[in-house]
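Okay, here's what each chain looks like letter by letter:
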Amino acid sequence: AQTMSNKEDELSEPKYLRGFGNEHATEAIKGALPEGQNNPQQCPFNLYAEQISGTAFTAARAQNLRTWLYRVHPSVDESHFEPLLDDCSRMVSSFSRLKCDPNQLRWNPMPIPDIPTDFIAGTTTVAGSGEAEEKRGVAIHVYACNISMQRSFYNADGDVLIVPQLGSLYVHTELGHLKVTPGEILMIPRGIVYMVQLLNPSARGYILEIFKGHFALPELGPLGANGLANARDFMYPVAQFDRGCSDVQAHDVVCKMGGDFFKRTILRSPYDVVAWHGNYAPFKYQLSNFCTMGSISFDHPDPSIFTVLTCASDTPGEATADFVVFPPRYMVAEKTFRPPYFHRNCMSEYMGMIHGVYDAKKGFVAGGGSLHSCMSAHGPDVATFVAASSCPLSATKFEGGLAFMFETSAILKPTSAAAEDNRQWRDTAYKDCWKSFPVTSPRASFTAPSSSS
């Protein structure tokens, strides 16, 4: 008779599979994966075969995402979902009735709560666009929490990209465990059940949620076959299941669907997947592995060269969302204003700071964020402009900070929570950084055209 056991410690250092978008296969118990087929009449160890589809069945093979799970109990059971209204009110997924704001906005780090708050309750939406129930748009959130989750969660509204800034996370998912530290990112696909445990007294970070599509590596074009984020550096969990998964007396599972929250109580652990194979799974990536490209002659390239992940829109060449990182790098361009240039963009830009300082503005601190929406002018502050316009242009390595950007083709609308200032979260003095720019004067030799010309 076949028997199952799992001797790995609950918070042991996770093991990983490598390769972005690979057809991964993993089993916690040897022999748990069926041979040669997906759903045999009887699975090994009497497990249940369950497929989770991230795309329609008929999506093109290159874009088709699905994974087969072999678990102790099927996800479906007799428990009912009930509305959950108590502690998720600061997370927004419907933006049609919110108002646009063309002002440049900035926020200080979200304060750590002074009452026990887990990852889900501690998530606050900054801005977004579209409607989750229509599978259209994006949302940007920040999280600040101080206790580990004692419940599980899945998001039926879309994929999420989590960017830790303070504190490490140990994330249990149906497909295995991942440990994520500041300087790494974590992607959890739509529908995957997970639970976040804190490895430090508190944690804070950023979340990008996409209501349609999935994250992919950007095309490299003339760069060739290598560079930016290399596929081999993306890490996926190996199968790992709770040893006492059938002995749990009661466990709450929270679902977000159409922006509403629901809860059901199950009499088992949801982390009972003994084996799985497929390409629809959570992954993490270490940002220090990003192979940075830049100018080695003159001019400041567009920031798209720093794209780690992208989610395509229906318009070729335009992203629903990009995740862009500004890592330590050498700056050698000659005769060039090296900090980010003044800009008005048809895309909306949300900036975050993981650690250190930003090279184009004072006052943009780790844990903070800024939003420059569609066609809202932005650029370096006065001090940075004056200094960078006259400094010697020797080869310089910038390694004073790690910033990133969520960029989207959507016009982002701030939430009421992000617009208020009762928690000293919003930096209402942000625009002062552009005060007192030197007024340029036409050259003395300039002659205005005559009225007859």
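What you see is a predicted model, and the numbers here were worked out from it, not measured in a lab. (Residues numbered from 1 in each chain as written. Predicted model: local features only at pLDDT ≥ 70, side-chain atom pairs only at ≥ 80, totals over all residues. Heavy atoms only, no water.)

Chemist: Just to check I follow, could you spell out the sheet that holds strand 27 (residues 401-408) for this structure?
Modeler: Pairing between the strands of a sheet comes from backbone hydrogen bonds, and it takes one of two forms, parallel or antiparallel. On the basis of which strands lie adjacent, the open sheet formed by 6 strands has the order 6-25-24-27-22-21 and antiparallel pairing. The sheet terminates laterally at strand 6 (105-107) and strand 21 (307-312), the two strands that pair on one side only. Sheet twist, expressed as the mean angle between neighbouring strand axes with direction ignored, is 15°. As paired elements, strand 22 (residues 319-326) and strand 27 share 5 bridges and run antiparallel to each other. Each bridged residue has a counterpart across the sheet, and for Val325 the counterpart in strand 27 is Phe404. (Pairing = 2+ DSSP bridges. Helix = DSSP H or I, 4+ residues; strand = E, 2+ residues; numbered from the N terminus. Axes fitted to C-alpha atoms, helices over the stretch in contact; angles between N-to-C directions.)

Chemist: How should the sheet that holds strand 4 (residues 66-71) be read in this particular structure?
Modeler: The 4 strands lie next to each other as 2-19-4-3, forming an open sheet whose pairing is antiparallel. In this open sheet, the two strands that pair with only one neighbour each are strand 2 (24-27) and strand 3 (48-53). If you compare each strand with its neighbour and ignore which way they point, the axes differ by 20° on average. The sheet contact formed by strand 4 and strand 19 (residues 273-278) spans 5 bridges and is antiparallel. Within the sheet, the bridge partner assigned to Thr67 lies in strand 19 and is Gly278.

Chemist: Please explain the pairing of strand 8 (residues 136-145) as it appears in this structure.
Modeler: Side-chain positions along a regular strand alternate between the two faces of the sheet. Counting buried positions over the 10 residues of strand 8 gives 9, a clear majority of the element. Where strand 7 (residues 123-131) meets strand 8, 8 bridges bridge the pair, whose relative direction is antiparallel. Bridge pairing in strand 8 places Ala127 opposite Ile140. Hairpin connection between strand 7 and strand 8: a loop of 4 residues separates the two successive antiparallel strands, and Lys135 in this loop has a positive phi of roughly 50°. For strand 8 and strand 15 (residues 203-210), the ladder comprises 8 bridges, and the chain directions are antiparallel. In the strand pairing of strand 15, Ile140 is matched with Leu208. (Buried < 20%, exposed > 50% of the residue type's maximum accessible area, 1.4 Å probe, protein only.)

Chemist: Could you clarify how one ought to interpret unusual backbone geometry in this entry?
Modeler: When glycine is set aside, most residues are seen to have a negative phi, and most peptide bonds are trans. In this structure, Leu228 is a non-glycine residue whose phi angle is positive, near 55°. Positionally, Leu228 belongs in the loop between strand 15 and strand 16 (235-237). Look at Leu228 and you get buried, because its relative accessible area is 4%. Located in the positive-phi region is Lys335, a residue other than glycine, with phi close to 50°.

Chemist: Would you take a moment to explain the packing of aromatic side chains for this structure?
Modeler: Geometry of an aromatic ring pair is reported as the spacing of the ring centres plus the angle between the planes. Applying the stated criterion across every chain yields a total of 24 aromatic pairs. Relative to Phe385, the ring of Phe337 lies with its centre 5.7 Å away and its plane at 45°, an arrangement referred to as tilted. Here the residue Phe337 occupies a position in the loop between strand 23 (329-331) and strand 24 (348-356), and Phe385 occupies one in helix 1 (residues 382-388), the gap between them amounting to 48 residues. Residue Phe337 is classed as partly exposed on the basis of its relative accessible area of 23%. A relative accessible area of 27% places Phe385 in the partly exposed class. Geometrically, the ring pair formed by Phe342 and Phe437 is edge-to-face, given 5.6 Å between the ring centres and 75° between the ring planes. Taken together, the residues Phe342 in the loop between strand 23 and strand 24 and Phe437 in the segment after helix 2 (416-419) connect sequence positions 95 residues apart. (Phe/Tyr/Trp six-rings, centres within 6.5 Å; stacked < 30°, edge-to-face > 60°.)

Chemist: Can you help me understand the environment of Arg106 in this one?
Modeler: One can find Arg106 in strand 6. Assessed through its relative accessible area of 6%, Arg106 is described here as buried. Between the C-alpha atoms of Arg106 and Gly221, which are 115 residues apart in sequence, the distance is 34 Å. Once residues within four sequence positions are removed from consideration, Arg106 is found in contact with Lys361, Lys362, Gly363, Phe364, Gly369, Ser370, Arg426, Asp427 and Tyr430. A polar contact is formed between the side chain of Arg106 and the backbone oxygen of Lys362, at a distance of 3.5 Å. (Contact = heavy atoms within 4.5 Å. Polar contact = N/O pair within 3.5 Å; in protein donor to acceptor, adjacent residues only side chain to side chain.)

Chemist: Sorry, what's going on with the pairing of strand 13 (residues 184-188) here?
Modeler: Of all 5 residues that make up strand 13, 5 are buried, and the element is covered over most of its length. By the alternation rule, side chains of strand 13 split into Glu184, Leu186 and Ile188 and Ile185 and Met187, which are all buried. Pairing geometry for strand 10 (residues 159-166) and strand 13, over 3 bridges, is antiparallel. Bridge pairing in strand 13 links Ile162 to Leu186.

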